[in-house]
Amino acid sequence: MSLHASQLRTLSARRVFRALLMAGGTSRADLARATHLSAVTVGKIVDEMLGRGLVREEETQPPGGSQSRGGTMGRPPRTLHLGGKRRFLAVELGVRRTQVAWVGIDGTPLLPIQSFPTPESVSDWRTKLAEMRLTFDGHADRMLLSLPGVFDAERGELICSPNLPWSEGRQLLEAAADAGGAPVIAVQEIQALALGHRASGRAADSFVLVDFGDGVGGAVMTGGELLHSPLPLCGELGHTGVHGNRRRCACGAVGCLETLVSRQGLLQSFQAASGSKAASWDDLRERVQRHGAEAWLLPSLDAAGSVLAGAINLLGIQSLVLTGDLPGLHPDIGRILTERAVQHSLIGRFGKLDGEVAPRRRIQGLITAAEDYLLQPEA
Ligand SMILES: [Zn+2]
């Protein structure tokens, strides 16, 4: 297979952009090393990015003197940073709250991140979002939007959102563009987390990321790229049936894993175990922080481990990344989930499964989702 020159250029530009996002500040020589591209190719891409105001170059004083490192003799070394005047409105539509951040091209929030309780209609959401946008002074280049549920990126349509049924269809994206005053680049929320994890620079080339929040879902990174499936249904681990579980799920099925290990599912089990219907998420968190994974929680962790093992067995990936509320409750929980996944998967018989609890890096993921827009050659 031969790649067209413009495809090659796009692939190389993505590598440079991702390396810059990962490194924070770096030199041209280090960029060439990190991307395995020639110094000439890196130079061309960087010059183009400089010309378009995506990158800024600063002279750096090397520690302990004026001896230059790398570059031409006598010329002080320069550090490249993603920068410039582009501004994005990064919006995370969550089941309980919608978070809004005003960010630069490197994903750094330029003002304190704000949020509002997610309302129950598209029009109320549009109104709230438009109000919040006005508190950020300036024009957004694009709105970067993360969405829960099953999102068809090709058609710009939210096909199914069990926890936010009002958001289904195309109206949400139209409302977002209207409220944000900018075109929208939308990404499914767990895919945004996987992109963000990749951007951290700490990720394996291939990993399965599973997030436990108001819903439970996964995303698969293979060979450094998101796995794309024929249907826009990928990583929906939360809607896998668990034997013996009679809880009804918002998707309409009975027994989904999500009803056990989402926030609501965990709270339901905790309330039943503690005999208090009034017990809150804060009560639950305090209890788990103090006592670790107790008997009321272990069967749910075991069920989650089995489902994770199914994914690991299918994909042949040995790096598991856990994010969100459940693994954040106590350090033991990530370990137990990984142990259960090892116990139930074939890799556990003869190989090694690396389990890691990681923070959610959704804004960095959203920035990565905008890379092709930012890097496309100007018409
Ligand atoms: Zn379900």
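The rules behind each value
- Residues numbered from 1 in each chain as written.
- Predicted model: local features only at pLDDT ≥ 70, side-chain atom pairs only at ≥ 80, totals over all residues.
- Heavy atoms only, no water.
- Helix = DSSP H or I, 4+ residues; strand = E, 2+ residues; numbered from the N terminus.
- Rg over C-alpha atoms; globule rule 2.2 N^0.38 Å.
- Buried < 20%, exposed > 50% of the residue type's maximum accessible area, 1.4 Å probe, protein only.
- Contact = heavy atoms within 4.5 Å.
- Areas by Shrake-Rupley, 256 points an atom, 1.4 Å probe, with all protein chains shown as cover.
- Donors = N, O, S within 2.8 Å, 3.2 Å for Na, K, Ca; no water.
- Tetrahedral: all angles 85-135°; square planar, octahedral: opposite > 155°, others 65-115°.
- Pairing = 2+ DSSP bridges.
- Axes fitted to C-alpha atoms, helices over the stretch in contact; angles between N-to-C directions.
- 1 Å grid on protein atoms, 1.4 Å probe; cavity = no way out; pocket = protein on both sides within 12 Å on 5 of 7 lines; lining within 4 Å.
- Points joined across faces, edges and corners; volume = space filled by probe spheres on them.
- Nonpolar A, V, L, I, M, F, W, Y, C, P; charged D, E, K, R; others polar.
- Domains from an automatic or database assignment.
- Buried area = accessible area lost by both parts, 1.4 Å probe.
- Salt bridge = Lys/Arg side-chain N within 4 Å of Asp/Glu carboxyl O.
- pLDDT = per-residue confidence, 0-100.
- Parallel < 35°, antiparallel > 145°, perpendicular 65-115°, else oblique.
- Phe/Tyr/Trp six-rings, centres within 6.5 Å; stacked < 30°, edge-to-face > 60°.

Caption draft 1: The overall build of the chain, seen in detail. Within the chain one finds 15 helices and 15 strands. Computed over its C-alpha atoms, the radius of gyration of the chain comes to 22 Å, within 12% of the 21 Å expected for a compact globule of 379 residues. Counting only C-alpha atoms and orienting by the principal axes, one finds that the chain spans roughly 75 × 55 × 50 Å. The buried share of the chain, reckoned over its 379 residues, is 50%. In the chain, the share of contacts with a sequence separation of at least 24, taken over all contacts with a separation of at least 6, comes to 62%. When the accessible surface of the chain is summed, it comes to about 18,300 Å², and 52% of that surface belongs to carbon and sulfur atoms.

Caption draft 2: Representation of the coordination of the zinc ion. All of the protein donors around the zinc ion are His239 (ND1), Cys249 (SG), Cys251 (SG) and Cys256 (SG); their distances to the metal are 2.1 to 2.3 Å. Here the zinc ion binds four donor atoms, and the angle range of 105 to 121° at the metal identifies the geometry as tetrahedral. In the primary sequence, the donor residues of the zinc ion line up as H-x9-C-x1-C-x4-C. This pair shows no difference in class: Cys249 is buried, exactly as Cys256 is.

Caption draft 3: Representation of the sheet that holds strand E5 (residues 97-103). A sheet is described by the order of its strands in space; here five strands give the open sequence E6-E5-E4-E7-E10, paired in mixed fashion. Strands with a single pairing partner mark the edges of an open sheet, and in this sheet they are strand E6 (114-117) and strand E10 (184-188). Taken over all neighbouring pairs, the strand axes of this sheet differ in orientation by 20° on average, direction set aside. Judged from the six bridges that link them, strand E4 (residues 88-93) and E5 form a sheet pairing that is antiparallel. Bridge pairing in E5 links Ala90 to Ala101. The sheet contacts of helix H6 (residues 189-199) involve E4, strand E7 (142-147) and E10, and relative to E10 the element is tilted by about 90°.

Caption draft 4: Here's a closer look at the pairing of strand E14 (residues 319-324). Of all six residues that make up E14, five are buried, and the element is covered over most of its length. By the bridge criterion, five bridges tie strand E11 (residues 207-212) to E14 in an arrangement that is parallel. When the bridges of E14 are listed, Leu209 appears paired with Val321. Sheet analysis places E14 next to strand E15 (residues 354-357), joined by four bridges and oriented parallel. Pairing of Leu322 across the sheet is with Val357, part of E15.

Caption draft 5: Here's a closer look at empty space enclosed by the protein. All told, the structure shown has one cavity of 30 Å³ or more when counted by the stated rule. Counted as a void, the largest cavity has a volume near 40 Å³. Those elements giving two or more residues to the lining of the largest cavity turn out to be helix H1 (5-23) and helix H3 (39-51). If one sorts the elements of the lining of the largest cavity by residue count, H3 sits on top with three residues. Tallied by class, residues from the lining of the largest cavity come to five nonpolar, no polar and three charged.

Caption draft 6: Focus on the domain arrangement of the chain. On domain assignment, one finds that the chain holds domain 1 (5-61 + 68-82), domain 2 (88-193 + 363-375) and domain 3 (201-360). Here domain 2 and domain 3 have C-alpha centroids that lie 25 Å from each other. With 12 residues of domain 2 at the interface, the matching set in domain 3 holds 18 residues. The three residues of domain 2 that bury the most area against domain 3 are Ile190, Gln191 and Leu193, which together make up 44% of that side's buried surface. Scanning the region where domain 2 abuts domain 3 turns up one salt bridge.

Caption draft 7: Just the confidence of the model for the chain, in detail. In the predicted model, the chain carries a mean pLDDT of 91, and 95% of its residues have values of at least 70. In the model, residues 66-72 has pLDDT below 50 throughout and makes eight contacts with residues more than four positions away in sequence or in other chains.

Caption draft 8: Summary view of the packing of H6 against helix H14 (residues 362-369). It is at 7 Å that the axes of H6 and H14 come closest, and there the two elements cross at 90°. Regarding the angle of H6 to H14, the classification is roughly perpendicular. Together, Glu189, Ala192, Leu193, Leu195, Gly196, Arg198 and Ala199 of H6 and Arg362, Gln364, Gly365, Leu366, Thr368 and Ala369 of H14 make up the contact between the two elements.

Caption draft 9: Representation of the packing of aromatic side chains. Tallying each qualifying case throughout the model produces two aromatic pairs. Taking 5.7 Å as the distance between ring centres and 5° as the angle between the ring planes, the aromatic pair formed by Trp102 and Phe136 counts as stacked. Here the residue Trp102 occupies a position in strand E5, and Phe136 occupies one in the loop between helix H4 (122-134) and E7, the gap between them amounting to 34 residues. Assigned by exposure class, Trp102 and Phe136 land together as buried. Seen in terms of ring centroids, Phe270 and Trp296 are 5.3 Å apart; in terms of plane orientation they differ by 55°. Their pairing is tilted. On the criterion of sequence distance, the pair formed by Phe270 in helix H8 (residues 263-274) and Trp296 in the loop between helix H9 (281-291) and helix H10 (298-315) is long-range, its members being 26 residues apart.

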